[in-house]
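Structural overview for review
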Amino acid sequence: MHVTDAIILKKEAAGEADLLITALTPDFVRVRLVAQGARKVGAKLKGHLEPLSLSRLSFVAGRNNYRLVGAELQNFFPTVKGEPWRFRIASDIAKILDSVLFEDVAEGGGNFFALAREALMFLDEPSRTLEDCNKAFLWFRMQFLKESGLLPEGIAGLGGLDGANFASCGDFADFLDKARGAELVGAVSRLFMTYLPR
């Protein structure tokens with residue numbers, strides 16, 4: 001049996017009463033799990049498998065897929081789900097992770113998991129403004145490119161970074177202080193769309 005923390009990226013109906021869950025984990029990167037009977041009224045797993053939530057999952061390898069046997073909700077991120085603009089940014093993060101990362105890779109997911117968890121925690125802080133959260137989304141995309149090995153070396157010449165290179169912006173607060181101006185936003189967005197088209 002595998003037990004791991006996971007960010008729920010997506011849930012889909014499967015069969016008559018099952019759910020197919022896509023989750024981001026530090027151990028398996030992106031994993032798809034069948035939650036048998038989770039769509040039934042009163043199913044014990046139901047509330048623990050909402051997209052954009054952090055849960056502790058227990059699952060076993062079945063014949064054709066992983067079967068979820070337990071889940072415990074750890075963070076629902078209520079502020080993210082309560083404000084449409086926060087939810088939109090968080091949903092875009094989940095879409096990127098779901099569409100680009102490989103499924104069931106035995107190692108290397110820890111950095112992507114930590115990146116996604118940090119971004120969701122930041123978005124969930126009520127004091128964060130729309131501008132703060134847009135900068136956070138820019139930071140997430142930049143760090144995603146870096147972790148994926150797709151951020152070109154020597155890209156430090158972009159306006160708004162005050163001469164620092166992207167690798168030195170790993171600290172969230174530093175990046176938010178340095179990320180100024182539409183030029184930087186546009187440059188990272190163009191890089192992101194070049195390497196990871198939707």
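Everything below is about the structure printed above this text.
Here goes a summary of the coordinates provided. (Residues numbered from 1 in each chain as written. Predicted model: local features only at pLDDT ≥ 70, side-chain atom pairs only at ≥ 80, totals over all residues. Heavy atoms only, no water.)

**Description of helix 3 (residues 110-124)**
Given 3.6 residues per helical turn, the α-helix brings residues three or four places apart onto the same face. With 15 residues, helix 3 should reach 21 Å at 1.5 Å per residue; the first-to-last C-alpha distance of 21 Å fits that figure. Among all positions in helix 3, only Phe112, Phe113, Leu115, Ala116, Ala119, Leu120, Phe122, Leu123 and Asp124 are buried. (Helix = DSSP H or I, 4+ residues; strand = E, 2+ residues; numbered from the N terminus. Expected span 1.5 Å × (residues − 1). Buried < 20%, exposed > 50% of the residue type's maximum accessible area, 1.4 Å probe, protein only.)

**Section: the sheet that holds strand 4 (residues 54-61)**
Neighbouring strands of a sheet are bound in pairs by backbone hydrogen bonds; such pairs are parallel or else antiparallel. As summarised here, the arrangement of the five strands in space is 1-2-3-5-4, forming a closed barrel in which the pairing is mixed. Put simply, the sheet's adjacent strands are angled 45° from each other on average, direction ignored. In this sheet, strand 5 (residues 66-75) lies alongside strand 3 (residues 29-35) in parallel orientation, the contact comprising two bridges. Across the sheet, the residue bridging to Val34 is Arg67, located in strand 5. Of the strands in this sheet, strand 1 (2-14), strand 2 (18-25) and strand 3 are in contact with helix 2 (residues 84-100), which crosses strand 1 at around 95°. Against the sheet, helix 3 makes contact with strand 1, strand 2, strand 4 and strand 5, and its axis sits at roughly 70° relative to strand 1, the strand it touches most. (Pairing = 2+ DSSP bridges. Axes fitted to C-alpha atoms, helices over the stretch in contact; angles between N-to-C directions. Contact = heavy atoms within 4.5 Å.)

**Points about the pattern of salt bridges**
Following the criterion strictly, the structure yields eight salt bridges and no others. Between Arg32 and Glu12 there is a salt bridge, and its shortest N-O distance comes to 4.0 Å. Taken together, the residues span a long stretch of sequence, with Arg32 in strand 3 and Glu12 in strand 1 at a distance of 20 residues. Owing to a relative accessible area of 27%, Arg32 belongs among the partly exposed residues under this scheme. (Salt bridge = Lys/Arg side-chain N within 4 Å of Asp/Glu carboxyl O.)

**With respect to the nonpolar core**
In this structure, Ile7, Leu24, Ile93, Leu97, Phe140 and Phe144 are the most contacted members of the largest nonpolar core, which totals 28 residues. Sort the elements by how many residues they give to this core and helix 3 lands first, with seven residues. The contacts of Leu97, once residues within four sequence positions are left out, are Leu9, Leu24, Arg30, Ala116, Phe140 and Phe144. Among the nonpolar cores identified, the runner-up in size contains 17 residues, and Ile8, Ala23, Phe59 and Ala71 belong to it. (Core = buried A, V, L, I, M, F, W, Y, C linked by side-chain atoms within 4.5 Å.)

**As for the environment of Asp18**
Along the chain, the position of Asp18 falls in strand 2. Expressed as a C-alpha distance, the spacing of Asp18 and Lys40, which sit 22 residues apart in the sequence, is 8.0 Å. Setting aside anything within four residues of it in sequence, one finds Asp18 in contact with Glu12, Ala13, Val34, Ala35, Gln36, Gly37, Ala38 and Arg39.

**Some details on the packing of aromatic side chains**
Using the criterion set out here, one finds five aromatic pairs in the structure. Centroid distance Phe28 to Phe59: 5.5 Å. Interplanar angle 65°. Geometry classified as edge-to-face. With a gap of 31 residues between them, Phe28 in the loop between strand 2 and strand 3 and Phe59 in strand 4 connect regions that are remote in the sequence. Taking the relative accessible area as the measure of exposure, Phe28 reaches 12% and is therefore buried. A relative accessible area of 0% places Phe59 in the buried class. Considering the side-chain rings of Phe59 and Tyr66, the 5.1 Å spacing of their centres and the 75° angle between planes classify their relative orientation as edge-to-face. You'll find Phe59 and Tyr66 in the same group, each marked buried. Each member of the aromatic cluster is reached from another via a ring pair, and the members are Phe28, Phe59 and Tyr66. (Phe/Tyr/Trp six-rings, centres within 6.5 Å; stacked < 30°, edge-to-face > 60°.)

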